Amino acid sequence: MGIFGRKDSTTTATAQSAGPDLAALTGDYTIDPAHSTIGFVARHAMVTNVRGTFQDFTGTLHLDGQDPAKSTATLDIAMASIDTGNADRDGHLKSADFFKIDEFPTMTFRSTEAEALGGDEYRITGDLSLLGVTRPITVDLELNGVARDPFGNERAGFEGKAELLRSEWGLTWNAALETGGVLISDKIKLNFDISAIKNA
């Protein structure tokens, strides 16, 4: 079931062959934060992973069945809502060493391109803005399915993952370890579990 189309001669054929299933998905969606998770993983002290989530975010999807490559996504994340399960660490992440939330309260994503990779696999590229820096990022997505919930909402579900180097957005604070290496990895893994409700 294709949502995003390739930017080549197969796009039209992909949309047509998908038939009514793709057409049924066409429309505007609002991400349901109560049933969605936006998380991240960072390597700590070279030996373990620290995981966190953002608790306050909003987002939208536009799925276009006639021209799937025009499908889009937006996401706005309140940086003050970062939660790693440790209040002291969260406070440090909100400080001037990291996210400077007083000056830069929001991280945003705006898609610029979408494509189908085959099966239920998709890829969406867009601009991630953080700390006043905007750079491209690519998110690999899997469509989990579509369903109507008991309250009559039409839902589409996705899982996504991406990787970035935090230094490219100016997040350079670190500390050297006596045994070699650094306290916090430059590479950050992002993960998404998204449930989106089709707008009436």
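Because the structure is predicted, anything quoted here is derived from the model rather than measured.

Caption draft 1: Quick look at the nonpolar core. If you look at the biggest cluster of nonpolar residues, it comprises 44 residues, and the most contacted ones within it are F54, L75, I77, M79, F99, L130 and L190. At six residues, the largest contribution of residues to this core is made by strand β11 (residues 184-198). With near-sequence residues (within four places) excluded, F54 lies in contact with I38, F40, I77, A78, M79, S81, I82 and M107.

Caption draft 2: Structural context of the pattern of salt bridges. Counted according to the given criterion, the structure contains seven salt bridges. Among the salt bridges present, the one from R123 reaches D140, with a minimum N-O distance of 2.6 Å. Placement of R123 in strand β8 (residues 121-130) and of D140 in strand β9 (residues 133-148) is noted, with a sequence separation of 17 residues between them. Given a relative accessible area of 29%, R123 falls into the partly exposed group.

Caption draft 3: Focus on the pairing of β9. For β8 and β9, the ladder comprises 10 bridges, and the chain directions are antiparallel. Across the sheet, residue L130 finds its bridge partner in β9, namely V133. Between β8 and β9, which follow one another and run antiparallel, lie two residues, and L131 among them has a positive phi close to 55°. Sheet analysis places β9 next to strand β10 (residues 154-165), joined by eight bridges and oriented antiparallel. Its bridge partner lying in β10, L143 is registered against F158. What sits between β9 and β10 in their antiparallel hairpin is a turn of five residues, with G152 showing a positive phi close to 90°.

Analysis parameters
- Residues numbered from 1 in each chain as written.
- Predicted model: local features only at pLDDT ≥ 70, side-chain atom pairs only at ≥ 80, totals over all residues.
- Heavy atoms only, no water.
- Core = buried A, V, L, I, M, F, W, Y, C linked by side-chain atoms within 4.5 Å.
- Buried < 20%, exposed > 50% of the residue type's maximum accessible area, 1.4 Å probe, protein only.
- Helix = DSSP H or I, 4+ residues; strand = E, 2+ residues; numbered from the N terminus.
- Contact = heavy atoms within 4.5 Å.
- Salt bridge = Lys/Arg side-chain N within 4 Å of Asp/Glu carboxyl O.
- Pairing = 2+ DSSP bridges.

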